[in-house]
Structures are given as structure tokens and as C-alpha cells.
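Survey of secondary and tertiary structure
Here is what each chain is made of, one letter per residue.
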Amino acid sequence: MMLSVRICLAALVASVVCAGQLAAQTTGTVTGRTVDANTQEPLQYVSVTVADLTAESDFDGRFVITGVPAGTHTLRATFLGYRPAEYTVTVIAGATANIVLEMEPAAVMLEAIVATGYGVQEKRDLTGVVEAVPAEAFNTGRIVSAEELIRGKVAGVQVTEANGGEPGGGISIRIRGGTSVTSSNEPLYVIDGVPIPVGGGLTSLPFPGGEGRNAMNFLNPDDIESFTILKDASASAIYGSQGANGVVLIETRSGRGAEGQAARLSYRGNFSGSTVAGRPDILNATQFRQAVTDQAPQQLVFLGDESTDWLKAVEQSAFGQEHTLAVTGGAGSMNYRLSLGYLNQEGVLQASKNERISLNFAYNHSLFNDRLNLHANVMGARNEDQYTPGGVIGSATNMAPTQPIEDPDSPYGGYYEWDDPLATNNPVGELNLVSDKGTTYRSLGNVTAEYFLPGVDGLSGTARVGYLVTNSERQFFAPSINKTEEEDGSFGTVSRATPSEFGWQFEGFLRYERDWGQHGLNFTGGYAYYSSRTDFPRFFAEELNSDLLGPDGIPAAETERTFLTIDENKLASWFGRANYAFRDKYLLTATVRTDGSSRFGEANRWATFPSAAVAWRISEEPFLRGGPFSDLKLRVSWGKNGNQAFDNYQQYKTYVFGDPLAQVQFGPLYIGTVRPSAVDSAIKWEETSSWNFGVDYGFWDNRLTGSVEYYTKTTDDLIFDVIVAGGSNLSNVVTTNIGSMKNWGVELTLNAILAQGSGDGFSWDANFNFAYNKNELTEINPYATGSEQILAGPFISGGVGSTVQVLQPGEPVNSFFVYEHILDASGKPIYEDVDGDGSINEQDLYVDRNEDGIVNFDDRRPFKKPTPDWIMGHTSLMRWRNFDFSLTLLAYLGNYVYNNVASSTGFYDQLTDAARPSNLHASVLETGFVTPQYFSDVYVEDASFLRLENLELGYTFRRALNGLRLYGVIQNLFTLTGYSGVDPTATTTGIDNNIYPRTRTFTAGLNVWF
Amino acid sequence: MRIQQISTLCVASALLLAVTACDITTEPKSSASDVTVFEDEGSYLAFLAKLYGGLVLTGQQGPHGDGDFERLDEGFSQYMRQLWQLQELPTDEAVIAWNDAGLPELSTQLWASSNQFVQMMYSRVFYQASLVNEFLRETTDEKLAERGHTDLADEIHRYRAEARFLRALSYWHGIDLFGDIPLVTEDFPIGPVPPEQSTREVIFDYIVDELIAIRDELPAVGAALYGRADQGVLAMLLAKVYMNAGVYVGTERYADAFNEVQLVIGGPYQLAGTYQENFLADNHNSPEIIFALPQDGQHTRTWGGTTFLVHAGCGGSMDNNDYGHGGCWWGLRVLPEWVALFPGAPASPDARAILYTDGQNLQIGSITNFTDGWAAPKYTNLTSGPLPLPGSHAEFPDTDFPMFRLADAYLMYAEIALRGGGGSTAQGTAYVNLLRERAYGDQTGNITEPELTLAFVLDERARELWWEGHRRTDLVRYGLFTGGTYVWSWKGNVQAGAATEPFRDLYPIPASELLANPNLTQNPGY
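Residues numbered from 1 in each chain as written. Chains lettered and ligands numbered in written order. Predicted model: local features only at pLDDT ≥ 70, side-chain atom pairs only at ≥ 80, totals over all residues.

**Considering the overall build of chain B**
- Assigned secondary structure in chain B consists of 18 helices and five strands.
- Taken over the C-alpha trace, chain B has a radius of gyration of 26 Å; the compact-globule value for 526 residues is 24 Å, and the two agree within 12%.
- Overall, the C-alpha framework of chain B stretches about 110 × 50 × 50 Å when taken along its three principal axes.
- Put simply, chain B has 526 residues, and 60% of those count as buried.
- Long-range pairs, those at least 24 residues apart, make up 64% of the contacts in chain B with a sequence separation of at least 6. (Helix = DSSP H or I, 4+ residues; strand = E, 2+ residues; numbered from the N terminus. Rg over C-alpha atoms; globule rule 2.2 N^0.38 Å. Buried ≥ 20, exposed ≤ 12 C-beta atoms within 10 Å, placed from the backbone. Contact = placed C-beta atoms within 7 Å.)

**Some words on the overall build of chain A**
- Secondary structure assignment for chain A yields ten helices and 53 strands.
- Relative to the globule expectation of 30 Å for 1010 residues, the C-alpha radius of gyration of chain A, 31 Å, shows essentially globular dimensions.
- Overall size of chain A, expressed as C-alpha extent along the three principal axes, is 105 × 65 × 60 Å.
- Of all 1010 residues assigned to chain A, the portion counted as buried reaches 58%.
- Contacts spanning at least 24 positions in sequence make up 70% of the contacts within chain A whose residues lie at least 6 apart.

**Some thoughts on the interface of chain A and chain B**
- The partner chain B presents 102 residues to the 88 residues of chain A that form the contact.
- Classifying every residue of the side of chain A that touches chain B gives 42 nonpolar, 32 polar and 14 charged.
- Of the strand pairs in this sheet, strand β31 (residues 654-657) of chain A and strand β1 (residues 32-33) of chain B are connected by two bridges, and their pairing is antiparallel. Residue A:Thr654 lies in a different strand from β1(B), and its bridge partner there is B:Ser33. (Nonpolar A, V, L, I, M, F, W, Y, C, P; charged D, E, K, R; others polar. Pairing = 2+ DSSP bridges.)

**Observations regarding helix α11 (residues 254-265) of chain B**
All names here are of chain B.
- In a regular helix each residue adds 1.5 Å, so twelve residues correspond to 16 Å; α11 covers 16 Å between its end C-alpha atoms and thus fits that length.
- For α11, every residue scored as buried is listed here: Tyr254, Ala257, Phe258, Glu260, Val261 and Val264.
- Packing partners of the buried residues in α11 comprise α9 (231-243), β3 (289-293) and α14 (406-418). (Expected span 1.5 Å × (residues − 1).)

**Considering the nonpolar core**
- Core analysis: the biggest nonpolar cluster contains 326 residues, and B:Met236, B:Leu237, B:Ala239 and B:Tyr410 have the highest contact counts within it.
- Per-element tally for this core: the top contributor is helix α7 (residues 153-178) of chain B, with 13 residues.
- Dropping the residues within four chain positions of it, B:Leu237 is found in contact with B:Ala168, B:Leu169, B:Trp172 and B:Leu211.
- Residues A:Ala55, A:Ile65, A:Ala77 and A:Met103 belong to the second largest nonpolar core, which totals 20 residues. (Core = buried A, V, L, I, M, F, W, Y, C linked by C-beta atoms within 7 Å.)

**Things to note about the packing of helix α5 (residues 116-138) of chain B against α7(B)**
Residues and elements named next belong to chain B.
- Here α5 crosses α7 at 155°, and the two axes come no closer than 9 Å. Put simply, α5 runs roughly antiparallel to α7. Pair α5 / α7 crosses with left-handed handedness. Side by side, α5 and α7 meet where Met121, Tyr122, Val125, Gln128, Ala129, Val132, Phe135 and Leu136 of the first sit next to Arg160, Ala163, Arg164, Leu166, Arg167, Ser170, Tyr171, His173, Gly174, Leu177 and Phe178 of the second.
- Residues belonging to the contact of α5 with α7 are distributed by class as follows: twelve nonpolar, four polar and three charged. (Axes fitted to C-alpha atoms, helices over the stretch in contact; angles between N-to-C directions. Parallel < 35°, antiparallel > 145°, perpendicular 65-115°, else oblique. Left-handed = near helix turned anticlockwise from the far one by under 90°.)

**Considering the sheet that holds strand β48 (residues 940-942) of chain A**
Residues and elements named next belong to chain A.
- If you trace the three strands from one edge of the open sheet to the other, you get β48-β47-β52, paired in mixed fashion. Of all strands in the sheet, those bounded by a partner on one side alone are β48 and β52 (991-992).
- The pairing of strand β47 (residues 896-899) with β48 spans three bridges and is antiparallel. Note that in β48 the partner of Val897 across the bridge is Glu941.

**Here's the deal with the confidence of the model for chain B**
- The predicted model of chain B averages 93 in pLDDT, with 96% of residues at 70 or higher.
- We note a pTM of 0.84 for the whole complex and an ipTM of 0.94 for its interfaces. (pLDDT = per-residue confidence, 0-100.)

**As for the sheet that holds strand β5 (residues 71-78) of chain A**
All names here are of chain A.
- The four strands lie next to each other as β3-β2-β5-β6, forming an open sheet whose pairing is antiparallel. Since the sheet does not close on itself, it has two edges, and those belong to β3 (53-56) and β6 (85-91), each with one partner. Across the sheet, the axes of successive neighbouring strands diverge by a mean angle of 25°, strand direction being ignored.
- With four bridges connecting them, strand β2 (residues 47-50) and β5 associate as antiparallel partners. Paired with Thr49 across the strands is Arg76, a residue of β5.

**Focus: helix α16 (residues 454-465) of chain B**
Residue and element names in this part refer to chain B.
- Its twelve residues place the ends of α16 16 Å apart at the C-alpha level, agreeing with the 16 Å of an ideal helix rising 1.5 Å per residue.
- The complete set of buried residues in α16 reads Val457, Leu458, Glu460, Arg461, Ala462, Arg463, Glu464 and Leu465.
- For α16, the elements touching its buried residues are α13 (336-339), α14, α15 (425-440) and α17 (471-477).
- After α16 finishes, the residue Trp467 shows a positive phi value of roughly 60°.

**Remarks on the packing of α14(B) against α16(B)**
All names here are of chain B.
- Here α14 crosses α16 at 175°, and the two axes come no closer than 10 Å. Compared by their axis directions, α14 and α16 come out roughly antiparallel. Contact residues: Ala407, Asp408, Leu411, Ala414, Glu415 and Leu418 in α14; Leu454, Val457, Glu460, Arg461, Glu464 and Leu465 in α16.
- Counted by class, the contact of α14 with α16 contains seven nonpolar, no polar and five charged residues.

**As for the pairing of strand β10 (residues 130-134) of chain A**
Residues and elements named next belong to chain A.
- Of all the five residues making up β10, five are buried; the element is thus mostly covered by neighbouring parts of the structure.
- With burial as the criterion, each face of β10 is covered, one bearing Val130, Ala132 and Pro134 and the other bearing Glu131 and Val133.
- For β10 and strand β15 (residues 224-230), the ladder comprises five bridges, and the chain directions are antiparallel. Among the inter-strand pairings, Ala132 is bridged to a residue of β15, identified as Thr228.

**Thoughts on the environment of A:Ala155**
Residue and element names in this part refer to chain A.
- The topology assignment puts Ala155 in the loop between β10 and β11 (157-161).
- By the C-beta count within 10 Å, which is 29 here, Ala155 ends up buried.
- When the C-alpha positions of Ala155 and Leu748 are compared, they lie 7.0 Å apart, and in sequence the two are 593 residues distant.
- Leaving out residues up to four positions away in the same chain, Ala155 has contacts with Glu747, Leu748, Thr749, Asn769, Phe770 and Ala771.

**Let's talk about the environment of A:Val190**
Residue and element names in this part refer to chain A.
- Mapped onto the elements, Val190 comes out in strand β13 (residues 188-191).
- Separated by 278 residues in sequence, Val190 and Leu468 have C-alpha atoms that sit 12 Å apart.
- Sequence-distant contacts of Val190, defined by excluding residues within four places in its chain, comprise Gly117, Pro195, Val247, Leu249 and Ile250.

**Some words on unusual backbone geometry**
- Cis geometry is found at the peptide bond from B:Gly62 to B:Pro63, where omega equals -5°.
- Looking at where B:Pro63 falls in the secondary structure, it is placed in the loop between α2 (42-53) and α3 (79-88).
- Of note, A:Ala351 is a non-glycine position whose phi angle comes to about 80°, a positive value.
- Within the secondary structure, A:Ala351 is located in the loop between β19 (334-346) and β20 (353-367).
- Look at A:Asn814: it is not a glycine, yet its phi comes out positive at around 60°.
- With respect to the helices, strands and loops of the structure, A:Asn814 is situated in the loop between β42 (805-807) and β43 (815-818).

**Section: the confidence of the model for chain A**
Residues and elements named next belong to chain A.
- Looking at chain A, pLDDT values average 87 and 94% of them are 70 or higher.
- Residue range residues 1-24 is modelled with pLDDT below 50. Its contacts to residues more than four positions away, or to other chains, number 29 contacts.
- Taken as a whole, residues 199-204 scores under 50 in pLDDT and shows 20 contacts with residues more than four places along the chain or in a different chain.

**Details of the environment of B:Phe404**
Residue and element names in this part refer to chain B.
- The residue Phe404 is located in strand β5 (residues 401-405) in this model.
- As a C-alpha pair, Phe404 and Leu465 span 61 residues in sequence and 10.0 Å in three-dimensional space.
- Look past the residues within four positions of Phe404 in its chain and what remains in contact with it is Val233, Met236, Ile290 and Phe291.

Below you can see the structure in the form of C-alpha cells.
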């Protein structure tokens, strides 16, 4: 991929050099080094052009251009992630001019060459929507998971934590909105050509402690060279049935360009401290005592005299550190890079932590006069995760603040507990008694061989073998003296799960690249095969006879259960792509991929996904030359993509055996059961067809650049767990292809060089990106006659089995589904006995929308939705002398969150519902609710926000070593929002239910090049 | 090696990989397929156990996990728990304090067609029918012959009869609760085509025909293993179907009911020594129980059934240890109108008034407040006898749910006699007095033959069979469930009680079902 381009460029340079030598008498030589203006780190691959001659800098940043005509020239240097630099150079015939080119990093990425999947392309030749984020533009500070690097950087790419500020917790990426309801909405991740399952696989396997952490955590963010986002169907169609949610290509760093160089060492390290950025608004001890006095005086006898801040009792100031040591070097025609990383990040809740040791090795070797390029990359990491036990946050919100933390007489390990099973449990007890830990070893690697076939110019063949292997262990222990254990009847639990995964991939493809005069053709075609297997053994031992052995042994458990689940998955594909360019102005791309997947039913085994795109570089037309446009390109693309991220074996009717606790008594015997499953034997991919209309623009010598995009995406054959007609299948639901949805949106990207001081002067680059997306479910059931509604969303806290979201045609996916609360003149939700029947209930509070005289569940209606209308990002990068300063702002508009903490605790019956009073959400002081109003629209809040994501100040010592930079970063310095809960981004579901608190982080770090 | 050789080698190995890497078939490994499962002869019995288990369990893991249903809370979705809620909560026998979505509106008879509990019950009925249909399809003589299992044929014929009994039982619940529903048999293939709506009349006939057809294939009255169906269980079901024929098909069938009741009464069943023995952790020993849904703390764990009844009926100042379990759930109480059926309550001489009044108000000011309404610990996880012991697990009781018991047959006899379906009111009075003598401990509570009226029988059924899942059907048969003739606390959503619309004698076809099956027409009124 990269290699071939480099070889082509190298050949080009060589020919230029040869040509230059012939004219030696009237020419001179320009040599020099290209360095990062900031860090003085040498930059390789910088394209340096003078007098129509071009060279590329080597590993040390050195370049040589011979044969430059004598005279004064403008030397121009361009490089991915840096602003183009221009120097004036005077060349004297026969002499050598030496120059140091200081390149300034750009906030804005004007990369020349971008990855496109099975190849690379010059940005100017792109017909699809491909956006690259190079390392220079990454977010900085406390970064545990790689996805955090690009938050706010690319229009239409939403990066959301699945569980707030949990260190290393799961992260979701949505590119141009979701295309699926029940299947994954995550993009396909491809790391150095190897696809990895994210949002599936090991992270989502069920375990009592909840889900595991992010599957991408094995990647050291410092090892990443670039992210490339394939947004439209033209760009992602090459990934066929995995491309519907877009594709994220991740390239890791390598030693490219270090051939024949001595080893170089670099170090990056930082230390950070994080604090909780937002707490739920609950009553303090004084307010709580007052509420009990006023509303439930009979409960006063239970109250203690303490004033405990339970939230504070489970929080901590979290310390983090991260170090990466990298060596790069080479010999002859080989190069390598080896890096060792260490990360240790505590969470702001006690007991949660993430520790990572990572190793990354990249090796490149060119053989046989550069005809054969070998590339190998192996990365591996050990992640050790500690989890805050699941119930801690909820208990800290609910536990009465009048009660003490400890109680020497308590049978629950010395922690105070209410003497009633329904009452809230002591979160500190849970925290200290329960342990939940995991260790994951994960390695990903590939070996790639690219061979330029002799005889046919421009024809090469590539073969790649990649693998992904994971071995992990999750261990959970809760002693019998933990009150939760007593209540759920477990009486002490030891459990352990040891999931493992092995996937391998083979790819073979041919590439042919050729120019004939005004015609340029580039063809890629090949075959790919992917196969993976997951083994998931686990056991649970409950009702322990002793707590003595902790998680390490099982002292005579009364109940023992073991499970084993094995999953296999295979995907075979043929793919091809042709790019054609006429006069560099008229560009055409056509792509096709055919996928055969083990997940598709027999009748739909193979799927074909085509796409096509055209582009016109108007700025190359004579009539636009000399105007303000330095670049103007119109693009149109259309394509089909699939989504096959659903469970394995859906097409098979399976018979599942029951466990020993689910037996049936027949006389004196207990018989284990076997159950047939519901099945749609023809299940297949979800299919998304998209259009994209785009304009790339550049004004005034590219001081202002960017693009405008308009897209539509129509997804059909959506997979739902649809309610089956009673009697027609072997469950209440079956997973099947049914339903359609639509997304359309506009994206605007603007990169501006606001100040361009040369040398030490002040420079300021700014990037603005705006994305609007509108989602609409168009159909959920073609057979339906009446109103179509499917309840959706996760179960909320409060009321078992309650959901507050809906799927309804004409509305966005997962719209909230709530009553319309009647408001009084001042806009406050009413709470009074309007109909005078002696009680305050639904009949009094909510609008009877179907006008049948009764307010019941049929009166709920879709109301707002969790996804934002607008996502806006801004990055500014300023430099002055040795200082650099950057900031990243992120804003959402039109996203709504259901404040489940308020709805499940903001009512006075909390004081009496269980035997002992629970704390209240402060909203109750406003609303006065006595009974819960889970389904009131009062709790669906506008969660639009503006956040200062990242603020960084750095200083570079240019002469120290080979570069030394010190910097400080503040993440989430402020969030401006009208949302009353802890975090307006909540989770991807839009339900704010005791999520892990978001953090504010202060980081100090240094980068050194030796 | 020369370049030529290397490239040949590369191309060859690449091609080899490509060719071997074409297989895209995978098959389930950790579960059986419909082809492999019956290679193990034990699978027939295991599948039959699943059919019975469908009334008790909610999935393949106890107490929950790998549920039969998706998108519904698994603990809620238990068959008996939902049947119980739909039969008891809208009546004068029970209220529940919880605010789970759709639960309060069951108590007030104001349920919506989107009510999740209505949906769960409907799904359970058809889940049972679908499982039975699949069982019947997989156990035909042809299939057995194909698999070389003809030696099992006799045993499997009996399994098939039991399966059909279970299907008839669920269809009875279906027409009782929902009226006109589809009739899906083993001839209806699994697939995307939704079944047609049938009628109460057709399904009524189908149930009767089925039960009569399988009668001789089941063991004699009282001869089955505990927890399984025999001719006694079948007769009891038929009796209850006939009893309500007037409601279902507009034609009374009391004479037919009488024959079935006689079969039951003539069987080996006897009243247990004390009333409460039928509802305790060792109630599998009760000679009175005709058909039970067994639960066991060590083998059969569920969040429904008696787990729900034992825990939810406990709260307030009650000490859970007194009832043999680990914690109260603060849910179920009885209504003052039901309490009024017991003279002198709470100190009633009638031992069937199992009440807990300490710190509880008789009147129900608020449904959601557990201390409003007297508690009633009828079901416990303690064994019977003078020295009660807790069951084998503190959370999951050993107590079995008594679906059919002899006392019900006696009361049906009395009602049939009064309605002229057969038998004598004298014998009916005698049967009722058997129950009352046990309740009073002596004959002071006995009634005379003239005192035996239809109204008395209804009240007596409430005294004897409360919280056993019969009340709504009984009130509908007497025409008192909806309307304003008889009102009780919170009927119609007011504490004093108010008339409700007669269409609520039937539950709505769930809104989600109308979406899934366009062949269905909603019940009138909804």
C-alpha cells in the first residue's frame, strides 16, 4: 500500500536526479533537513519541490535535490499534518545550498496521501469521502483508548463513552448516525489491514460484573500514526457487508525511512490527575432529614445522626501515568520500530483501574531491487482491569446520608447496613468487600508481502496474513457477608470466565497502476478470507461455606454451575476497485465486493455490494485559474453497503440445554430440559444505500480549505427482534430482516490559517467542523395494519421491565416514549388531584392523547430522541516562538437525555417504599412528586452542550538533545449545558442512570527525542 | 533461490491459501441442532420436561438466564405469575404496591392494550402451544422410525398425550383471558405467515375434543408421577372448561362439568389435614393437590410462581424469618371487601383467613403503600407440622403452586348442583361443610342446605381458593367482574370503587400482537 507509492515516488525522484546530473554545468544542488518546527524532530517523507524537481526527506529528515537550475527559486515543502512551508533559496551553479526546513504542524490536515483500504490514494484524486487524522492532530492528555484521539476532529463522527468516565471503558463511534437498531452501529475497525471485531466479541459476553472494557484497549495510542475514516459508500464499499457503518482504518507507526540509520530512541510520558466533574443532585443530610420530617415522620426513628456524603465516600482523585519508549532504526534496505508502553490509570471511583503493558514491533524489508517488499507488524498488550462493583454508584445515590459508613456491630464486614433486605445497601461495603478484576492478553499482527511482477510495468501482487488472538480472564468474588449476596440468595459467589478468541485472515490482491498520457488507471482486485473462533468457558460457585479463600478457591459451594459457549464465524470475499482519471480533472471510481458469510442463511449466502463515484476538479479548468480558488472539486457517489454485525447461528434452529437450577420435577426425579429456539433460516445482512454529494474547496492558496457534504442513507432489511405472531415461532420474538430507516445530513468542514507568522512569529490554525444528521425510522413491519410501535431501549431503573423508548415509523430510532405532563401557568409540571377522586395519578397529571377518557399506557407518544441534530467541533492551534497552544471544543445540539436518576429517586415514596428511607433526588423539591412518574416527559431533558474538551500548552526546547517538549493539558475544563444530570453525553442510549462520572483531568507530560 | 522461484512459490502458496480458505459454513457447537438433538433418546423426556417447565421456568438457567423471551423482564415473564396477576389483581382479592410499568393499572381495571403483563401472558399461552406443536411434529411415528426409536413408541405416545393436555390447558387460559384468539396446531408450520384468528367457540370445542381424545392415553386418575398429568388432572381441566361454557360459548354445560367433577371426587384425592398445608414448603405431600407446578430451592428456581407469592406477600413489620425466606418484597395485600367475607376478622374462627394486621391498615388509602391493606401470608417457605423448618433455599421456595385441588372440585359440585347440572344440593352442602369444618376446626361454621346459594358458593370460593388464580374467572361467570353491581376498593380507579365497562371482562389482544399479526381483530371496546 504505502510501500508501492513510496517506490513509485522513489523511482520518480531517481529519474529526476538522473536528469539533473546530465545538466550539471548550469545547475546546483539543494540539500537540507526537514524538522518539526516545534519539536525539532526530523520529519521523513516530506515532499520538497524546487524548480519542478521533487525529493522526499529520509529518516533523518535529510533531502538532496540536484540539478536545480541556478537562480532564485521558491522551495516548497508539503507533508501530511503540516502546513506547507515555502522558502526562498538561491542556487549557484555547481554549488550546494543547505537549508533547514522547519515545518509547522497544522491543526488542519492537508494530507497528500490517504489510506483507502487495500491501497492508498492521493487526496486530490479522491472521489469518495475519506478523512484522515494524523497523529499531530490527535487529542492529548489522559487517553486510555485510541478512539478518544479523534473526538471532535472529524465532521459527523461521534465518539461516546459507553459508561461515562470509566478508565478504558467501552467507546462507541457513530459515523453519520446509526444505520441499525439491533445490530451493531459501530464502524468496522481495520488495524494495519487486519479487521477486528469491536462492540462484539469478548467485550459483550455476559458476566455478573457487567461488560468488560473496550476491545481496543490493547492499542497504545502513542503507537498510532493515523486514523482514516471512510464515510460514504464509495469509500467503504470495498468492505462490503461490514461497511455500512463506515470504516475506521488505523495505521500504526513503523520505521519507514530508517533504512541504514542508527537506532534512535524517543520517549513520551505523562502524569495526570483526574477528579469527578459532575455529581447527581441529591439531598444532603440536613435536607434529607427535613424531607423525612415533613413527608414520612414515621420513618424518623430509623435515621442516624451522621452526615455522610456517600458519593464522596466512593470517589477518589485518580492518578494516571503513561510512558512509551520507542526505538527506530534500520540497516541496508530494512527498517524497524520497536516500542514499549506502560499505562496505569485509576478511575475516579475507587477500585476501578486500568493497567496496560504494550509492545509493538514493526519490520520492513525490501528485497530483490525493491521488487519484493516484506512488512511485518506484531503488537501485543496485557491489560489488567479492576472494576468498581456494579451497584456502587446507585447505592451511593440512594443511601440515606444520615447513616454512618461503619458499624462495629455489623455482621456485614463492619459496614453499616439497614436491617431490611429491600433497603439500599452500603456502597462502601460493596466497594470494599466485592472484587471484580480481569486480565486480557491480546495480540494482533500481520505479515504482508508485496511483489512487483517483472514484465508488466505497474503490476504488483500482495499477500497478507493477519491474526488476532485474545486470552482473557475475569474473576469475581463477593463474600457471603456482603448484603447484596444475602438478598439475591447467592450467599457468597466466586465466578470466573476465561474467554479466548482466535481470528485469522488471508488477503491476496493484485494492483495495476498505469498512466497513458491523459489517462490514468488504477485497479485493485483480490480475495479475502476471515475466520474466527471464540471459546467462552465460565463457572459460578454460590452459597460458599466460607469466605476465607476469596476469589482464589471454592470452599464447598452449595450451588455450582459451569457453562461453555463456542462461536465460530467465517467471511469470504472477492473485491475489486478501479480508479480512472482523465487529465487529472475527471475522476471515476467503481467498486464491487462480494461477501459470503457464515451468518447468512442458506438462501442468502452471498451478497454483492457495488458503488460508483465521479468527481470533477473544476479548479484545474482554465476558466477558474487565477481566481480565488486554489482547489475546487465536485463529487457524487452512490453505493450499497451491508451490516453483518449480528449474532452467529441465527439461521439455525438450535436446541439449548437447561442448567441444573432450571430442572423440572417429575415425581421423585428432577429432569433437565431442552428447548428449541426461534429461527429465521433466511436471515441476511442489513443493506444501506447511500448517496453523497460533496464539494472540496480551497481559497487563497489553500489558506482556507474544506468541504461541504450532503448525504442520504437508506437502510433496508433492518434486523429486529420482532414480536412474532403468537403460535408462529418458538419464542415471543424472532430475529429477522424487517424494517427500514433513513439518515440524511450535511457536513461542513472549514480549515483556516488565521495567522501565518514565519519562523518564530505567531501562527494560528483553526479547524471547524459541523455535522447535521437526521434519522427517521420509515418502516418496522410491512404486515402491520394499525399503529406500529415497538418498545425499545434498555430497561430503566425504577419499575422492573420498564422502557421509555420506542421504535415508530416517522420518528427517529429510539425516540423517548412518554406521557405529556400537564404544565401549570409557570411551566412547572402539575402534581395535584385535578379530578378530585382522592388520589393523584395518571388521570390527573397527563394528557389523554387518544381522547378515550382514560389516561393509560396507550397515551404515551414519541418525544425527542437521544442523538444530536448537530455535532460541532473546533480545534485551534497557535504557536509563538517556542510555545504552542491548542484547544478543542465540542458541542452537541438537539440531543436529549432521560434523567433516570431523577425519575427513579425524585419522589417522596422513596422514603417509605422500602422498609427504610432512601435518599431523594433534589428535583423532588421542585416537583413535589410523591409517587414515581417514570413515564413523564419532565425527565426527558435537552442535553445540548458545549465542552472545552482539550486545552494544551507546550514549550519546546529546540536545542536540548534532539528535541524536548514539555506540555500541560486540561481535559473537560468546563461543560456548559442546561441538562441537570451528571453528563449530557450520558451514554449512547440516552438513559442517564448512575453512569460512571465524567472526569476533569490535568496532565503534565514530556516528549524527548534522543 | 532465484526471484522466479520465489515468486512461483509465493503465488502457489497464496493460491493454496485462497482455495482452502473458501469454506464459509459454521454450525452451532455448544447447542444441539434439530437433527442431532434426538440422537440422544433422553431428549424426548427433556423436551417434555420443557413443556411442563414452560408453566414454571422462564428460561434455560435458573432462576433466570437464557430466557425463553426477549425484550421482556425474564422474572416477570413466568407463566403462573402472569396468570395469577391477571386473575387476582383486578379483583377484590389482591392489590400490589409496586410501580412497575403497567402494574398499577391492573388493579384498577384500566389496563391499556400495550400493557406488558397482558402481552407476557398472551405470549406464554402461545409459547406453550408452539412448543407442544413442535414436540408433536418431532415425535410422530414416522420420525421415531426414521431415528430407529420405535422401541420408545409406547412411552412417547403417552408423552404426546401429556403435551396435548398442556396445550389444551393453555388454550383454556387463552380463551378465558382473551376471547377470540388464533388456534395453532401442529399442522401449522413455523414461519413468517401469521395464523388466522379463530373464535372462542371453535377453540372451546377443540379443547373439549382434544381432552376427550387423549383421556385414555393418560394414566388413571391420581396415577401420574407428581407434577404430571393424568386422567384426574384432565377431568379437572375439563370440568373447569365446562363450568364456564356459558361465558365462552353462550351455552351452559353444567351437566358435562358434573361428570368430570364426579371423576375427580371419586379419585384417590383427600382433603389435607389443615388448610395451610397446601401452601407450604412440603405441600407436595398434600393428598388434596390434583395438579401442582413444582418448585424447588435446589433444582427449580424461578422469580415467578410461589417465589413471587411468598416474598411479595411479606412486608411492613413482618419478619421474613417467620415465613422461611430471606426477605420481604412489600407487594401483595388483600382488600377490605374480601376481608369482610370472614366474620370477626382478623380474629376469625375461619382458619382460611390467614392475615397479618400488625401495623397494617384495613383500608387501602394508597395502592402503592404496603401498609394499606392487611397482609396475607398464605404461601410460605416453611414446612408443615408443629416444628416448621425453612425450605432448602432462602430465596427460592420449595413450595409448589397448587393449580388444581380437591376443594375446588367440591365447590364446583355445589355450584353445579345449585345450577341444576346434576348432583344434589344436600351432597353439595356436605362437601362445602367438609371444607368449613376443616377451616373452623369444628362444626360451628357448618351451613345448612338452604344456606347453600349461588352467592354463598361464590363467597365460599373466595374464602377457600383465594390467591390461587381463580377469582377473575369466577367473578366473570357470576357477572360481577365488571359493571357496577359489585365494586371494591380501587375498581375503576377510585378508592370507594366504581363501575367499569363490561368489555373489560376480556383482556385486550396485546397491541404488539396486532402489529405482528394483521389477521387479528381487537376485542370490542379496546
